[in-house]
Amino acid sequence: HKDALKPKPTTTTTSAPTPTCPLTGLPAPNGTVPQRPAMAVKIDNYPAGRPQAGLDKADIVFEEPVEGGITRYAAVFQCQDASLIGPARPARNIDIGILGQLGNPLEAHVGGINPVISNLDASPIVDVNLGASDSLMIHPAGRVPPDADFTSTSIVYGTHPTMNTAPQPLFTYSPTLPGAGSPVSTVNIPFSGTSNVTWKWNASTNTFQRFYNGTTPDMLVDGAQNQTPNVVVQFVQISYGPWVENSQGGLEVQADLYPNASGAAMIYRNGQAFQATWHRGALGSPTQFVNAFGVPIPLEAGTTWVELVPSTVAVTSTP
């Protein structure tokens, strides 16, 4: 009975992998990546501008230094929607370097000085000046200028309905830790007195939670605390000028982000710290964060906060 020894035929079915959001590595909502570009909103982070709205719906949040030691956000949306985002503030020249790696993103902002707007319009970034029409803005009760101008993903995407190309990923993602890191419980980034940021690791949520001055939770309008599985500290060389940005004589803050720029970095994920360096070629090239062997360091799937920290600011952590 030789037939009895024959292996039984097997059938295998392979299901298509679930599409993932390009800027988070998470499964796409409803199994479909939205056919739309990345969209950034410039958001105030002066104490008077808090609490903000919409940061918990962003895929990536870039925190950038601006004049006077304060910081602002370029909150990048693509896979998720947010019905309220803000308060929106003017564009800055540093935005071009930050957002250029996203292809042809939209940048929503309220005004800006003439040389910045000229540079923005000459770049691949699509300029969406919310101040051009009150129909592009939402004014929540109780908010006062200059922090009274909010918007939403549907409003901003509605300004360019024919743009339907999703961005390329900026990061790679893996559930496996990228080698041996150092355990961290807190990371302190003292940008300034108004933005003395501490990220505290919370193992139960698998996120770093954001605080000011060590103890004050950084809360949003909807009652959520800012938190993220990935904090990327990118040390940047900054310079000042040539333009005056405000009535106090504050000079525009510029950062050396491209072309052929590089610097030190730290990657924080899963309660671990990983030393890195970053390098970037052209404006349209993604920033590469690599280990000592030049291998890109993967992140945990989820949102990422990129902290653009002046190289003169000392970032400290506690084990």
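As shown above, the structure is provided for reference.
Cut-offs and rules
- Residues numbered from 1 in each chain as written.
- Predicted model: local features only at pLDDT ≥ 70, side-chain atom pairs only at ≥ 80, totals over all residues.
- Heavy atoms only, no water.
- Helix = DSSP H or I, 4+ residues; strand = E, 2+ residues; numbered from the N terminus.
- Buried < 20%, exposed > 50% of the residue type's maximum accessible area, 1.4 Å probe, protein only.
- Pairing = 2+ DSSP bridges.
- Right-handed = clockwise from strand over helix to strand, strands pointing away.
- Polar contact = N/O pair within 3.5 Å; in protein donor to acceptor, adjacent residues only side chain to side chain.
- Contact = heavy atoms within 4.5 Å.
- Core = buried A, V, L, I, M, F, W, Y, C linked by side-chain atoms within 4.5 Å.
- Phe/Tyr/Trp six-rings, centres within 6.5 Å; stacked < 30°, edge-to-face > 60°.

Caption draft 1: Structural view of unusual backbone geometry. Residue Pro-51 is reached from Arg-50 by a cis peptide bond, and omega for that bond is 0°. Here Pro-51 is to be found in the loop between strand E1 (39-44) and strand E2 (60-65). Residues Gly-86 and Pro-87 are joined by a peptide bond in cis, for which omega reads 5°. Here Pro-87 shows up in the loop between strand E3 (71-77) and helix H1 (94-99).

Caption draft 2: Molecular detail of the pairing of strand E4 (residues 106-109). Judged by which residues are buried, E4 turns out to be covered on both faces: Leu-106 and Ala-108 on one side and Glu-107 and His-109 on the other are all buried. For E1 and E4, the ladder comprises 3 bridges, and the chain directions are parallel. Looking across to E4, one finds that Met-39 is bridged to Leu-106. The parallel pair E4 and strand E5 (residues 126-129) is bridged by helix H2 (residues 114-121), and the resulting crossover is right-handed.

Caption draft 3: Local environment of the side chain of Arg-269. Within the element layout of this structure, Arg-269 appears in strand E15 (residues 261-269). A distance of 2.9 Å separates a polar side-chain atom of Arg-269 from the backbone oxygen of Ser-174. Only 3.1 Å separates the side chain of Arg-269 from the side chain of Glu-300, close enough to count as a polar contact. In this structure, Arg-269 is in contact with Ser-174, Pro-175, Thr-176, Leu-177, Pro-178, Phe-208, Pro-229, Asn-230, Phe-274, Pro-298, Leu-299 and Glu-300, ignoring residues within four places of it in sequence.

Caption draft 4: Examining the nonpolar core more closely. Counting 40 residues, the largest nonpolar core has Leu-130 and Tyr-268 as its most contacted members. Setting aside chain neighbours within four positions, we find Tyr-268 in contact with Val-184, Val-187, Phe-208, Pro-229, Asn-230, Val-231, Val-233, Ala-273 and Val-315. Ranked by size, the runner-up nonpolar core spans 35 residues in total, among them Ile-98, Leu-120, Leu-170 and Val-306.

Caption draft 5: Molecular detail of the packing of aromatic side chains. One pass over the structure, following the stated rule, counts 5 aromatic pairs. A ring pair is formed by Tyr-73 and Trp-305, whose centres lie 5.4 Å apart and whose planes are at 80°; its orientation type is edge-to-face. With Tyr-73 in strand E3 and Trp-305 in strand E18 (residues 304-310), this pair connects stretches of sequence that are 232 residues apart. In this structure Trp-305 comes out as buried when scored by relative accessible area, which is 2%. Each member of the aromatic cluster is reached from another via a ring pair, and the members are Tyr-73, Trp-199 and Trp-305.

Caption draft 6: A look at the side chain of Lys-42. Structurally, Lys-42 can be placed in strand E1. Taking relative accessible area as the criterion, Lys-42 reaches 1% and is therefore assigned buried. At a separation of 2.8 Å, a polar atom in the side chain of Lys-42 contacts the side chain of Glu-64.

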